[in-house]
Amino acid sequence: MSGHPWRLRPLPAEVPVALLQEEAGKLAEQIGVAAAAMDAADAAFAMGVLYTGMMPDGFRTVHGAYYTPPALCERLLDLATDAGVDWRSARVLDPACGGGAFLSPVARRMADSRSDDTAAAVLKNIEGRLRGFELDPFAGWMSSVCLDVSLADLCREAGMRLRPVVRVCDSLEQIPGGKGFDLVVGNPPYGRVKLSPELREEFDRSLFGHANLYGVFTDLALRFARHGGIVAYVTPTSFLAGEYFKALRGLLGRDAPPAGLDFVTERRGVFADVLQETLLAVYRRGGDPGEAGVRFISPRPDGTIQTSSAGSFHLPEPPDRPWIVPRTEAHGALVGRVNGLPYRLADYGYTVSTGPLVWNRHKKSLREKPGKGRYPLIWAEAVRSNGTFEFRAKERNHKPYFEPGAKEGWVVTDFPCVLLQRTTAREQCRRLIAAELPASFVEAHGAVVVENHLNMIKPLEGGPRVAPAALAALLNSETVDQLFRCINGSVAVSAYELQALPLPSPECMKEIERLVTARAETETLESAVERLYGGGAE
Ligand SMILES: C[S@@+](CC[C@H](N)C(=O)[O-])C[C@H]1O[C@@H](n2cnc3c(N)ncnc32)[C@H](O)[C@@H]1O
């Protein structure tokens, strides 16, 4: 067969074919010629980006079709190798294989590990242990074509092609059977999804509230991996802390603890059109929940990957709590030190809720001037970045007073609390921006109305064990801010994550109360907090 160009595999019958107009046809041919001159993996990725970029928005979103660049695929496969995957014998599944970003390099590793066998034997062997599932028939066909290209040397030598290893199907409907796979690998689709009642019941063990496709695919991977097998996935980072993922964290902690995490620190140019924070994770089914290594990776322009270590982390107990994981190299030591801290906001006698007033649903009750039956309206801008409270309403559309109507009494707050901004970006110098809402202010006005861009940290029944001013100072400290960054990578500062923050004991907080009362310098307070978290000079 050598010397003769092979024809592309025929498209499956379910893919509709339309004739291209002349110009488009020429362009397609030029693209084909250019791709043929490229490295096979780079060409496959470029074609995939082209294909997914031309999908109608709705189709792309529903399918979560964002293909993985070759350097990240290779990195994930290296992590799987480090975790013990033996390419000579491993049975491997990608349950959302797209255009074959993982199938092709996996097939290559399988082939290279069997270089002593005949080409035909290698192909037969790969056919027996490599599988891909894909919903989109065209993507499934691209996977098969890319496998043909990457195994072309063997196919030519053996005079045969690989028999199909990709099944066009809905992975969530597939029932695992047999011994299970040694490696389930891939970049599953992501995005909120409304599951059918049957699927919701099927995946109940890993669901809490809204389902996200990548969470369901992680549960699916655990079902297809054998005991002792590896799951190696590219996913968003939101599962590390979000409340909606707590059942999934619990499942992973019990059934397949992480062996290592690589955060992709450079998002630009990595995934076309993906803005979410991404990580590469390796889990071992039935593994011991020990220490997991954490690294940061960023692809270089030449396609290689730069890595740096950020230390390690342990799963919390119970593992459904947010996982506190270093997000920069500087976090490694802090994360190691907070492991033994059992105290949370509830131990200080506080709970967290969001400010009740969604202002644009109550526009008619906003007022410019004070008056009878009117209360100060507390916007996020009242919590200044230096940790002080200032009654103000200077930003656009903000008015300083609120006059609740007959059915709006529930928006009124008549007790002091700690206020904390709900939206802050990681680029800001502080993620946690808190201030005490002074009791004197509440008393002077009888009550206030807190707007929804603020969290309210409110005393529980029985009263707080730590003074609000000391709590605000703690939350405003650099140490706690860095700790929060190890929990949360998004812009929202959620009540759930605040309640998960490890804190010093309420008794130790007496020192902070003293310093706050004595109006100590910021530096003195910072060092005191650092010491309470086990850092700084003795
Ligand atoms: C994020 S892309 C990744 C594709 C490929 N693994 C890669 O890394 O380039 C996710 C893929 O999952 C496919 N997909 C979405 N829902 C699926 C389902 N229920 N069953 C099988 N495949 C699905 C999409 O069509 C898409 O190709």
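Here, every reference points to the structure presented above.
Residues numbered from 1 in each chain as written. Predicted model: local features only at pLDDT ≥ 70, side-chain atom pairs only at ≥ 80, totals over all residues. Heavy atoms only, no water.

Engineer: What is the right way to read the pattern of salt bridges from this model?
Structural biologist: Side chains bearing opposite charge may pair, as long as their charged atoms lie close to each other. Evaluated as defined, the whole model comprises 29 salt bridges. E23 is paired through a salt bridge with K26; the nearest N and O atoms lie 4.0 Å apart. One end of the pair, E23, and the other, K26, are both in helix α1 (residues 22–36), three residues apart, so they sit about a helical turn from each other. For K26, a relative accessible area of 43% translates into the label partly exposed. The closest approach of N and O atoms between R109 and E74, which form a salt bridge, is 2.6 Å. Of the two residues, R109 sits in helix α5 (residues 103–112) while E74 sits in helix α4 (residues 70–82), which places them 35 residues apart along the sequence. In this structure R109 comes out as buried when scored by relative accessible area, which is 17%. On the basis of relative accessible area, E74 is assigned to the partly exposed category, the value being 33%. (Salt bridge = Lys/Arg side-chain N within 4 Å of Asp/Glu carboxyl O. Helix = DSSP H or I, 4+ residues; strand = E, 2+ residues; numbered from the N terminus. Buried < 20%, exposed > 50% of the residue type's maximum accessible area, 1.4 Å probe, protein only.)

Engineer: Explain the site of the ligand here, please?
Structural biologist: Not every one of the 22 residues close to the ligand is listed here, only the nearest: T68, A96, E134, D170 and S171. At 2.7 Å from a nitrogen atom of the ligand is found a main-chain nitrogen or oxygen belonging to A96. Here a nitrogen atom of the ligand and a backbone polar atom of S171 are 2.9 Å apart. In isolation the ligand exposes 590 Å². Once the protein is present, 98% of that is buried. Looking at the shell around the ligand residue by residue, the class counts come to twelve nonpolar, six polar and four charged. (Near = heavy atom within 4 Å. Polar contact = N/O pair within 3.5 Å; in protein donor to acceptor, adjacent residues only side chain to side chain. Areas by Shrake-Rupley, 256 points an atom, 1.4 Å probe, with all protein chains shown as cover. Nonpolar A, V, L, I, M, F, W, Y, C, P; charged D, E, K, R; others polar.)

Engineer: Quick question: what am I supposed to make of the packing of α5 against helix α7 (residues 137–150) here?
Structural biologist: α7 packs onto α5 with a crossing angle of 35° between their chain directions and a minimal axis gap of 9 Å. When the axes of α5 and α7 are compared, the crossing they make is right-handed. Together, L103, S104, A107 and R108 of α5 and S143, C146, L147 and S150 of α7 make up the contact between the two elements. When the residues that make up the contact of α5 with α7 are grouped by side-chain class, the tally is four nonpolar, three polar and one charged. (Axes fitted to C-alpha atoms, helices over the stretch in contact; angles between N-to-C directions. Left-handed = near helix turned anticlockwise from the far one by under 90°. Contact = heavy atoms within 4.5 Å.)

Engineer: I'm lost on the sheet that holds strand β16 (residues 412–413) in this one. Help?
Structural biologist: Think of a sheet as strands paired side by side through backbone hydrogen bonds, with each pair either parallel or antiparallel. Taken in spatial order, the five strands line up as β13-β15-β14-β19-β16 in an open sheet, and their pairing is mixed. Strands at the two margins of the open sheet, each flanked by one partner only, are β13 (366–367) and β16. Note: β13 against strand β15 (residues 401–402), two bridges, orientation antiparallel. Pairing of R367 across the sheet is with Y401, part of β15. (Pairing = 2+ DSSP bridges.)

Engineer: Mind showing me how you'd approach the packing of aromatic side chains here?
Structural biologist: Aromatic rings in a pair are described by how distant their centres are and how their planes are angled relative to each other. Under the counting rule described, the total for this entry stands at 14 aromatic pairs. Ring geometry for F133 against F224: centres 5.7 Å apart, planes inclined by 75°, an arrangement best described as edge-to-face. On the criterion of sequence distance, the pair formed by F133 in strand β2 (residues 130–134) and F224 in helix α10 (residues 213–224) is long-range, its members being 91 residues apart. In this structure, F133 and F224 share a single accessibility class: buried. Taking the centre distance of 5.1 Å and the plane angle of 65° together, the rings of F389 and F441 count as edge-to-face. Note that F389 is positioned in the loop between β14 (375–378) and β15 and F441 in helix α13 (residues 439–445), a separation of 52 residues in sequence. Summarising the burial analysis for this pair, F389 and F441 share the class buried. Cation over ring: R91 sits above F181, and NZ or CZ is 4.6 Å from the ring centre. In this structure, K246 packs its charged tip against the face of F208, placed 4.4 Å from the ring centre. (Phe/Tyr/Trp six-rings, centres within 6.5 Å; stacked < 30°, edge-to-face > 60°. Lys NZ or Arg CZ within 6 Å of the ring centre and 35° of its normal.)

Engineer: Whenever I open this one, the side chain of T424 confuses me. Can you help?
Structural biologist: Relative to the assigned elements, T424 resides in the loop between β17 (417–421) and β18 (434–437). Exposure remark for T424: the relative accessible area of 1% places this residue in the buried category. Among the polar contacts made by the side chain of T424, one reaches the main-chain carbonyl oxygen of R431 at a distance of 2.8 Å. Residues in contact with T424, not counting those within four places in the same chain, are R430, R431, I433, S490, V491 and V493.

Engineer: Help me understand a nonpolar patch on the surface, please; the structure alone is not making it clear to me.
Structural biologist: Together, M47, L50 and M54 make up a nonpolar patch on the protein surface, roughly 290 Å² of accessible area in all. Within the element layout of this structure, M54 appears in the loop between α2 (40–53) and α3 (57–63). The class for M54 is exposed, based on a relative accessible area of 65%. (Patch = residues over 30% accessible without salt bridge, like charges linked within 9 Å, V, L, I, M, F, W, Y side chains within 5 Å.)

Engineer: How should I be thinking about unusual backbone geometry in this particular structure?
Structural biologist: Excluding glycine, most residues fall at negative phi; most peptide bonds, likewise, are trans. Here the bond from E317 into P318 is cis, since omega is 0°, no more than 30 degrees from zero. Phi angles above zero are rare outside glycine, and N397 is one such case at about 70°. Structurally, N397 can be placed in the loop between β14 and β15. Phi angles above zero are rare outside glycine, and R519 is one such case at about 50°. As for its position among the elements, R519 is in the loop between α17 (509–517) and α18 (522–532).

Engineer: What's the story with the pairing of strand β9 (residues 278–284) in this structure? I'm lost.
Structural biologist: On a regular strand, each side chain points to the face opposite its neighbour's, so the side chains alternate between the two faces of the sheet. A large share of β9 lies buried, amounting to six of its seven residues. Taken together, the seven bridges between strand β7 (residues 225–236) and β9 define a ladder with antiparallel strand orientation. Along β9, the bridge assignment pairs P236 with T278. Pairing of strand β8 (residues 258–264) with β9, which is carried by six bridges, proceeds in the antiparallel orientation. Considered in β9, the bridge of V264 is made with T278.

Engineer: Would you mind going over the nonpolar core with me for this structure?
Structural biologist: Most often, soluble globular proteins have nonpolar side chains that are buried together. The biggest cluster of nonpolar side chains holds 85 residues, and the ones touching the most others in it are F239, L475, L501 and Y533. Top element by residues in this core is α10. It accounts for eight residues. Beyond its immediate chain neighbours, meaning those up to four positions away, L501 contacts Y343, R344, L432, L475, V480, L483, F484 and I487. In terms of nonpolar packing, the next biggest core, distinct from the first, is built from 41 residues, C73, L77, C97 and A111 among them. (Core = buried A, V, L, I, M, F, W, Y, C linked by side-chain atoms within 4.5 Å.)

Geometric descriptors of this kind do not, in isolation, establish any biological role.
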